[in-house]
Amino acid sequence: MSGQKTVTPDADSLVASITAAKTRGLPPVHLWNPPFCGDLDMRIARDGTWFYQGTPIGRPGLVKLFSSILKREDGKYFLVTPVEKVGITVDDAPFVAIDFEASGEGQDQKLSFVTHVDDVAVAGPDHPIRVERDAETGEPSPYILIRADLEALIDRKSFYRLVDLGVHHDGWFGVWSSGQFFGIIPSEELP
């Protein structure tokens, strides 16, 4: 026996570890590589609701705290502290972009998105927008990269506002932000 204490992952131990390691801004999860402790019964639904043991987490501050230690590796999602790494389930994207502000026009336009956990990302080379379309229905699912391989699903109302700002460029209908064009749909597919 190594003498090490076996860690059983739970939400309380994660909160304690986060609080002990808390610094200003986001924690440096990219530097943390603790051993995998198992899966936690935590799930992020497509609408951004976080569940723990099947029950929605009703405290926004707690959701924001957990979101600050979220990490994606090889397509899987983990909550990471300096001493623990636990797997969680994410139905689609871990964040939801609930609003955006547009400033400027044309190629000089900037689109600044905010998520349900108060992350902010200005669409551009470091925060690209992408749109996936359902193969059967053609329904679009728009995303923006928020941080370190973590995306936000752009909510419906914001997507409609993006479409209102859309222009045609090089055979695509899409939007400009930070000097980069993001295609939404090929122009020829529009009625």
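Treat the numbers as computed from the prediction; the structure is a model and nothing was measured.

Asks: So what exactly am I meant to see when it comes to the overall build of the chain here?
Replies: When helices and strands are tallied, the chain shows three helices and 15 strands. Here the chain holds 191 residues, and the buried ones make up 43% of them. Sequence-distant contacts, at least 24 apart, represent 54% of the contacts inside the chain between residues at least 6 apart. Carbon and sulfur atoms make up 51% of the accessible area of the chain, which amounts to about 10,800 Å² in all.

Asks: Mind showing me how you'd approach the sheet that holds strand β9 (residues 120-122) here?
Replies: In a beta sheet, neighbouring strands are held together by backbone hydrogen bonds and run either parallel or antiparallel to one another. Reading across the sheet, the six strands line up as β9-β8-β7-β12-β11-β10 and stay open at both edges, with mixed pairing between neighbours. Looking at strand neighbours, the two that pair on one side only are β9 and β10 (129-133), the edges of this open sheet. Between one strand and the next, the sheet's axes are offset by a mean angle of 40 degrees, whatever the strand orientation. Pairing of strand β7 (residues 95-103) with strand β12 (residues 150-154) involves three bridges; the strand directions are parallel. Opposite Ala97, over in β12, you have Ile154 as the bridge partner. The strands touched by helix α3 (residues 156-165) are β7, β8 (110-115), β10, β11 (140-147) and β12; relative to β7, the strand with the most contacts, the crossing angle is about 30 degrees.

Asks: Can you help me understand the pairing of β7 in this one?
Replies: Looking along a regular strand, one sees the side chains alternate between the two faces of the sheet. With six bridges connecting them, β7 and β8 associate as antiparallel partners. The partner of Ser103 across the bridge, within β8, is Lys110.

Asks: Where do I start with α3 in this structure?
Replies: Each turn of an α-helix holds 3.6 residues, which means side chains three or four residues apart point in the same direction. Turning to α3, its buried residues number three or more, namely Ser158, Phe159 and Leu162. Taken around the axis of α3, the buried residues stretch over an arc of 100 degrees, which confines them to a single face. α3 presents Arg156 and Asp164 as exposed residues on the side facing more than 90 degrees away from its buried surface.

Asks: What is the right way to read the sheet that holds strand β13 (residues 167-169) from this model?
Replies: Read across the open sheet, the three strands follow the order β13-β14-β15; overall the sheet is antiparallel. The open sheet has two edge strands with one neighbour each: β13 and β15 (180-186). When strand polarity is set aside, the average angle formed by the axes of neighbouring strands in this sheet is 50 degrees. Pairing geometry for β13 and strand β14 (residues 172-177), over three bridges, is antiparallel. Within β14, the position partnered with His169 by the bridge is Trp172. In the packing of α3 onto the sheet, the strands contacted are β13, β14 and β15, and the crossing angle to β14 comes to about 100 degrees.

Asks: Explain the pairing of β15 here, please?
Replies: Counting buried positions along β15 yields five of seven residues, so the element is predominantly enclosed. Here β14 runs beside β15; their pairing, made up of six bridges, is antiparallel. Pairing of Phe173 across the sheet is with Ile185, part of β15. Linking β14 to β15, which pair antiparallel, is a turn of two residues; within it Ser178 sits at a positive phi near 55 degrees.

Asks: Could you clarify how one ought to interpret the environment of Met42 in this entry?
Replies: Position of Met42 relative to the elements: it lies in strand β1 (residues 36-44). C-alpha separation for the pair Met42 and Leu79, spaced 37 residues apart in sequence, amounts to 9.8 Å. Excluding its chain neighbours within four sequence positions, the residues that come into contact with Met42 are Trp50, Phe51, Tyr52, Ile57, Phe66, Leu79, Ile88 and Thr89.

Asks: I'm lost on the confidence of the model for the chain in this one. Help?
Replies: Caution is warranted with low-pLDDT regions, since their predicted coordinates should not be read in detail. Model confidence for the chain is summarised by a mean pLDDT of 90, while 87% of its residues fall at 70 or above. Here residues 1-7 scores under 50 on pLDDT; set against residues more than four positions off or in separate chains, the count is two contacts.

What counts, and where the lines are drawn
- Residues numbered from 1 in each chain as written.
- Predicted model: local features only at pLDDT ≥ 70, side-chain atom pairs only at ≥ 80, totals over all residues.
- Heavy atoms only, no water.
- Helix = DSSP H or I, 4+ residues; strand = E, 2+ residues; numbered from the N terminus.
- Buried < 20%, exposed > 50% of the residue type's maximum accessible area, 1.4 Å probe, protein only.
- Contact = heavy atoms within 4.5 Å.
- Areas by Shrake-Rupley, 256 points an atom, 1.4 Å probe, with all protein chains shown as cover.
- Pairing = 2+ DSSP bridges.
- Axes fitted to C-alpha atoms, helices over the stretch in contact; angles between N-to-C directions.
- Arc of directions from axis to C-beta.
- pLDDT = per-residue confidence, 0-100.

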